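Chain by chain, the residues run as shown.
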Amino acid sequence: QAKSAGRNALRFFDTAMQTAVVERARLESDLRQALENQEFRLYYQSQVNAQGVVVGVEALLRWEHPVRGMVSPAEFIPLAEENNLISPIGAWVLETACRQLALWARSSATEGLSIAVNVSPHQFRQACFVDEILDILAHTGANPRRLKLEVTESLFMAEGDTVRARMEALRSEGICFSLDDFGTGYSSLAYLKRLPLDQLKIDQSFVRDVLDDPIDEAIVRTVIALAQSLELEVIAEGVETQAHCQWLYEHGCMAYQGYLFSRPVPVGALVVERQAACMRSIAASAP
Ligand code: C2E
Ligand code: MG
Ligand code: MG
Ligand code: MG
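Residues numbered from 1 in each chain as written. Chains lettered and ligands numbered in written order. Predicted model: local features only at pLDDT ≥ 70, side-chain atom pairs only at ≥ 80, totals over all residues. Heavy atoms only, no water.

**Some remarks on the overall build of the protein chain**
Regarding its fold elements, the protein chain presents 11 helices and 10 strands. Computed over its C-alpha atoms, the radius of gyration of the protein chain comes to 21 Å, within 12% of the 19 Å expected for a compact globule of 287 residues. Seen along its three principal axes, the alpha-carbon backbone of the protein chain occupies a region of about 75 × 50 × 40 Å. Expressed as a percentage of the 287 residues in the protein chain, the buried residues total 47%. Pairs at least 24 residues apart make up 66% of the contacts formed inside the protein chain by residues separated by at least 6 positions. Total accessible area computed for the protein chain in this model is approximately 14500 Å², and 53% of it derives from carbon and sulfur atoms. In the protein chain, which carries 26 positive and 37 negative side-chain charges, the distance between the mean positions of the two groups comes to 3 Å. (Helix = DSSP H or I, 4+ residues; strand = E, 2+ residues; numbered from the N terminus. Rg over C-alpha atoms; globule rule 2.2 N^0.38 Å. Buried < 20%, exposed > 50% of the residue type's maximum accessible area, 1.4 Å probe, protein only. Contact = heavy atoms within 4.5 Å. Areas by Shrake-Rupley, 256 points an atom, 1.4 Å probe, with all protein chains shown as cover. Lys, Arg positive; Asp, Glu negative; His and termini not counted. Charge placed at Lys NZ, Arg CZ, Asp CG, Glu CD.)

**Concerning the coordination of the magnesium ion (ligand 3)**
Six octahedrally arranged donors around a metal ideally form angles of 90 or 180 degrees; four tetrahedrally arranged donors ideally form angles of 109.5 degrees. Protein-derived ligands of the magnesium ion (ligand 3) are Asp180 (OD), Asp181 (OD), Glu237 (OE) and Glu237 (OE), with the metal-ligand distances lying across 2.1 to 2.4 Å. Between consecutive donors of the magnesium ion (ligand 3), the numbers of intervening residues give the motif D-D-x55-E. Separating the magnesium ion (ligand 3) from the magnesium ion (ligand 2) is a gap of 4.1 Å, bridged by Asp180, which donates to each. (Donors = N, O, S within 2.8 Å, 3.2 Å for Na, K, Ca; no water.)

**Looking at the environment of Cys98**
Relative to the assigned elements, Cys98 resides in helix 3 (residues 86-104). The spacing of Cys98 and Asn118 is 20 residues in sequence and 13 Å in space, taken between C-alpha atoms. Dropping the residues within four chain positions of it, Cys98 is found in contact with Ile136, Leu137, Thr140, Ala142 and Leu147.

**With respect to the site of ligand 1**
Around ligand 1 there are 21 residues in total, and Arg62, Asp180, Gln204, Glu240 and Tyr259 lie nearest to it. Leu61 places a main-chain nitrogen or oxygen 3.1 Å from a nitrogen atom of ligand 1. Measuring from an oxygen atom of ligand 1, one finds a backbone N or O atom of Tyr259 at 2.8 Å. Bound to the protein, ligand 1 loses 83% of the 800 Å² it would expose on its own. For the shell around ligand 1, the secondary structure elements donating two or more residues are strand 2 (54-65), helix 2 (73-82) and strand 6 (176-182). Broken down by element, the residue count for the shell around ligand 1 peaks at 4 residues, all from strand 2. The class makeup of the residues in the shell around ligand 1 is 8 nonpolar, 6 polar and 7 charged. (Near = heavy atom within 4 Å. Polar contact = N/O pair within 3.5 Å; in protein donor to acceptor, adjacent residues only side chain to side chain. Nonpolar A, V, L, I, M, F, W, Y, C, P; charged D, E, K, R; others polar.)

**Regarding the nonpolar core**
Most often, soluble globular proteins keep nonpolar side chains buried together rather than apart. Formed by 76 residues in total, the largest nonpolar core has its most connected members in Leu147, Leu149 and Phe156. With 8 residues, the top contributor of residues to this core is helix 3. Excluding its chain neighbours within four sequence positions, the residues that come into contact with Phe156 are Val151, Val163, Met167, Leu179, Tyr191, Leu195 and Leu197. (Core = buried A, V, L, I, M, F, W, Y, C linked by side-chain atoms within 4.5 Å.)

**Brief notes about the packing of aromatic side chains**
Following the criterion strictly, the structure yields 9 aromatic pairs and no others. Plain terms: the ring middles of Phe40 and Trp92 are 6.1 Å apart, the flat faces sit at 40° to each other, and that makes the pair tilted. Of the two residues, Phe40 sits in strand 1 (residues 40-49) while Trp92 sits in helix 3, which places them 52 residues apart along the sequence. The rings of Phe40, Trp63, Phe76 and Trp92 are connected pair by pair, giving a single aromatic cluster. (Phe/Tyr/Trp six-rings, centres within 6.5 Å; stacked < 30°, edge-to-face > 60°.)

**Observations concerning the side chain of Arg62**
Here Arg62 shows up in strand 2. Here Arg62 is buried and forms no salt bridge, its nearest opposite-charge partner Glu58 lying at an N-O distance of 8.7 Å. The residues contacting Arg62, other than those within four sequence positions of it, are Glu39, Phe40, Arg41, Tyr43, Met70, Pro73, Phe76 and Pro264. (Salt bridge = Lys/Arg side-chain N within 4 Å of Asp/Glu carboxyl O.)

**Things to note about the packing of helix 5 (residues 129-140) against helix 6 (residues 160-171)**
Direction vectors running N to C along helix 5 and helix 6 enclose 15°, while the axes themselves pass 10 Å from each other. For the element pair helix 5 / helix 6, the angle class is roughly parallel. The interaxial crossing formed by helix 5 with helix 6 has right-handed handedness. Counting all contacts with helix 5, which are made through Phe129, Val130, Ile133 and Leu134, the residues of helix 6 involved are Arg166, Ala169 and Leu170. Here the contact of helix 5 with helix 6 is built from residues that sort into 6 nonpolar, no polar and 1 charged. (Axes fitted to C-alpha atoms, helices over the stretch in contact; angles between N-to-C directions. Parallel < 35°, antiparallel > 145°, perpendicular 65-115°, else oblique. Left-handed = near helix turned anticlockwise from the far one by under 90°.)

**Things to note about the packing of helix 3 against helix 5**
Their axes nearest at 9 Å, the elements helix 3 and helix 5 cross at an angle of 30°. By the angle between their axes, helix 3 is roughly parallel relative to helix 5. Helix 5 is crossed by helix 3, and the crossing has right-handed handedness. Taking contact as the criterion, the partners of Ala91, Leu94, Glu95, Cys98, Arg99 and Ala102 in helix 3 are, on helix 5, Phe129, Glu132, Ile133, Ile136, Leu137, His139 and Thr140. Considered class by class, the residues forming the contact of helix 3 with helix 5 number 8 nonpolar, 2 polar and 3 charged.

Given below as C-alpha cells:
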C-alpha cells in the first residue's frame with residue numbers, strides 16, 4: 001500500500017518535473033529569439049529628491065512575450081545569465097538607455113535627468129564590457145555624466161582588482177555607480193572602502209517594514225549612517241507610502257524611488273514634473 005502510494009507520488013513528481021523542464025526549455029528558446037523579434041521594452045521609474053524633483057530614472061527591462069504577455073525580469077534575467085544571453089540583452093538595454101539620454105539632452109525639461117541601468121555580474125565580467133559602453137556612448141552621443149550603472153554585491157565577491165580597474169576606467173569617463181539591493185548579498189563590507197561607488201541603494205525588503213519592524217528600522221538607520229560617513233549618496237527603493245517617505249526624510253535619506261511616485265512605465269508615460277503632491281507633508285516638515 002505504502003509502496004504503491006510512494007510510486008504514485010514519484011510518478012506525479014516526475015510529471016511535474018518534466019513539465020517544468022519542458023516549460024523552461026521553451027522559454028529559453030523564446031528568449032533566444034526575443035532580441036531579434038524586438039520583444040524587449042525598456043520601462044522607466046522615476047527617482048525623486050527631497051524637494052520632489054525627479055532627478056533621474058531607473059531603466060527596467062520588460063519582455064513582451066507574444067503568448068505569455070509581459071514576463072518579469074526576475075524570471076528571465078537569471079535564464080539569460082545561464083544561457084549567455086545576458087551580454088547581448090544588456091547591450092540592447094545600454095544602447096536604448098543611451099539613445100534616450102541623447103534625446104532628453106535636447107530639451108530643457110529633461111536634460112538634467114540621469115538613467116540608472118542594471119548591470120548583471122556576468123555582463124560586467126565580459127572582457128569587452130568597458131569598450132562596449134564607451135562605444136555606445138560615442139555613437140549615441142549620450143553624456144556619460146547622466147549614466148549610472150547599478151551593480152550588486154555579488155560582483156565584488158571575486159576578481160576584486162579587475163572589477164575595480166573597470167569601474168575606475170568607466171568612472172574616469174564620468175559614469176557613476178550605485179550599489180543595488182544593498183545589504184541583501186553575502187559580501188563583506190571591506191569592498192566599500194576599495195571600490196569607487198557613488199551611491200548605496202537601500203533594498204526594498206528593508207524599506208517595506210521600516211515603520212513596523214525594529215530590526216528593519218535598525219538596518220535602514222545603519223545603512224543611511226554608513227552612506228553618510230562614507231560620503232556616498234543614499235537612495236531608498238520600494239517607497240510605497242507617504243509615511244515611508246516621511247520617515248526616510250527624517251532619518252537623512254534624501255532620494256526615493258517607488259510606487260508612491262510612479263510605477264515603471266514606458267517612456268511616453270513618464271512624468272518628469274515635480275511630484276508636489278507626494279512631497280507636501282515633507283516640505284511642511286522641512287526645517
Ligand atoms: P532592481 O534593480 O532592484 O529593481 C527594482 C524592482 O523593484 C523593480 O522590479 C521595480 O519594478 C520594483 N519596484 C519599484 N518600486 C517598487 C515599490 O514601490 N514596491 C514594490 N513592491 N516594488 C517596486 P522589476 O522591474 O520586476 O525588476 C526586478 C529586477 O530585475 C531588478 O531589481 C533587477 O535586478 C532586474 N532587472 C531589471 N531590468 C534589468 C536589466 O535591464 N538588466 C539586468 N541585468 N537586470 C535587470
Ligand atoms: Mg536596480
Ligand atoms: Mg534593487
Ligand atoms: Mg531588487
